[in-house]
Amino acid sequence: MSATPSPTGHAVEAEHQVIKKLLATIEGQPDLSQVREVVARFCTMLPQHFKEEEAPNGLYEDLRAVRPSMANAIRTLTADHVALNAELQALCDAVSAADAALNAMWAAKDQFV
């Protein structure tokens, strides 16, 4: 097997760069609307990203074929994905609830102002 990354590996690497850039845009960001936009993007992007890495013929399968010694690290990453997905879902739900509350407040404001 070649040490050259597969097309899947290149796509995953490109997605990792996007993730890093998105995180950098919200680090210390006081503008909650921008944070909300990035969180919304992560809510759709990351679960799909994890699924593609773990899929048959995905990155992890390629890595196990090329470097069987990485099997334990891959199991750890897969477990990390489960935990991250749970945390991400909780964050997405919280942002959605906050948006709903804010929208309700704006809708009701005319009754009080």
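Please read all numbers here as calculations on a predicted model, not as lab measurements.

## Observations regarding the overall build of the chain
For the chain, the count of helices and strands is four helices and zero strands. Starting at the N terminus, the α and β elements of the chain follow one another as α-α-α-α. In terms of overall dimensions, the chain has a C-alpha envelope of 70 × 20 × 20 Å along the principal axes. With 113 residues in all, the chain has 19% of them scored as buried. For the chain, the exposed surface amounts to about 7900 Å²; the carbon and sulfur share of it is 61%. Once the 9 positive and 15 negative side-chain charges of the chain are each reduced to a mean point, those two points are 3 Å apart.

## So, the confidence of the model for the chain
Detailed reading of predicted coordinates is not advised where the pLDDT is low. Across the chain, the average pLDDT comes to 85, with 92% of residues at 70 or higher. Helix α3 (residues 59–66) holds the highest mean pLDDT among the elements of the chain, 92, whereas helix α1 (residues 7–26) holds the lowest, 83.

## Concerning the side chain of Glu 53
Inspection of the secondary structure puts Glu 53 in helix α2 (residues 32–54). No salt bridge is formed by the buried Glu 53; its nearest oppositely charged neighbour, Arg 64, is found at 10 Å. A distance of 2.8 Å separates a polar atom in the side chain of Glu 53 from a polar atom in the side chain of His 16. Residues contacting Glu 53, with those up to four places away along its chain left out, are Val 12, His 16, Gly 58, Leu 59, Tyr 60 and His 81.

## So, helix α4 (residues 71–112)
Over its 42 residues, α4 extends 61 Å from the first C-alpha to the last, a length consistent with the 62 Å expected when each residue adds 1.5 Å. In the structure, α4 departs most strongly from a straight axis at Trp 106, where the bend amounts to approximately 30 degrees. Along α4, the residues classified as buried are Ala 71, Ile 74, His 81, Leu 88 and Cys 92. Tucked into the core, α4 has its buried residues touching α2 and α3.

## As for the packing of α2 against α4
Running from N to C, α2 and α4 cross one another at 155 degrees; their axes reach a closest spacing of 10 Å. As the angle between them shows, α2 and α4 are arranged roughly antiparallel. Where α2 crosses over α4, the handedness of that crossing is left-handed. Contacts between α2 and α4 pair Arg 36, Val 39, Phe 42, Cys 43, Leu 46, Pro 47, Phe 50, Glu 53 and Glu 54 from the former with Thr 78, His 81, Leu 84, Asn 85, Leu 88, Leu 91, Cys 92, Val 95 and Asp 99 from the latter. Class assignment of the residues belonging to the contact of α2 with α4 gives a composition of 11 nonpolar, three polar and four charged.

## A short note on the nonpolar core
Residues Ile 19, Leu 22, Ile 26, Val 38, Phe 42, Met 45, Leu 46, Phe 50, Leu 88 and Cys 92 constitute the largest nonpolar core, which totals 10 residues. Of all the elements in the fold, those that place two or more residues in this core are α1, α2 and α4. Sort the elements by how many residues they give to this core and α2 lands first, with five residues. Excluding residues that lie within four positions of it along the chain, Leu 88 makes contacts with Phe 42, Cys 43, Leu 46 and Pro 47.

## Some thoughts on the environment of Glu 13
Inspection of the secondary structure assignment puts Glu 13 in helix α1. Each C-alpha atom of the pair Glu 13 and Leu 59 lies 9.8 Å from the other, and the pair is 46 residues apart in sequence.

About the criteria used
- Residues numbered from 1 in each chain as written.
- Predicted model: local features only at pLDDT ≥ 70, side-chain atom pairs only at ≥ 80, totals over all residues.
- Heavy atoms only, no water.
- Helix = DSSP H or I, 4+ residues; strand = E, 2+ residues; numbered from the N terminus.
- Buried < 20%, exposed > 50% of the residue type's maximum accessible area, 1.4 Å probe, protein only.
- Areas by Shrake-Rupley, 256 points an atom, 1.4 Å probe, with all protein chains shown as cover.
- Lys, Arg positive; Asp, Glu negative; His and termini not counted.
- Charge placed at Lys NZ, Arg CZ, Asp CG, Glu CD.
- pLDDT = per-residue confidence, 0-100.
- Salt bridge = Lys/Arg side-chain N within 4 Å of Asp/Glu carboxyl O.
- Polar contact = N/O pair within 3.5 Å; in protein donor to acceptor, adjacent residues only side chain to side chain.
- Contact = heavy atoms within 4.5 Å.
- Expected span 1.5 Å × (residues − 1).
- Bend = angle between axes of the 7 residues up to and from the residue.
- Axes fitted to C-alpha atoms, helices over the stretch in contact; angles between N-to-C directions.
- Parallel < 35°, antiparallel > 145°, perpendicular 65-115°, else oblique.
- Left-handed = near helix turned anticlockwise from the far one by under 90°.
- Nonpolar A, V, L, I, M, F, W, Y, C, P; charged D, E, K, R; others polar.
- Core = buried A, V, L, I, M, F, W, Y, C linked by side-chain atoms within 4.5 Å.

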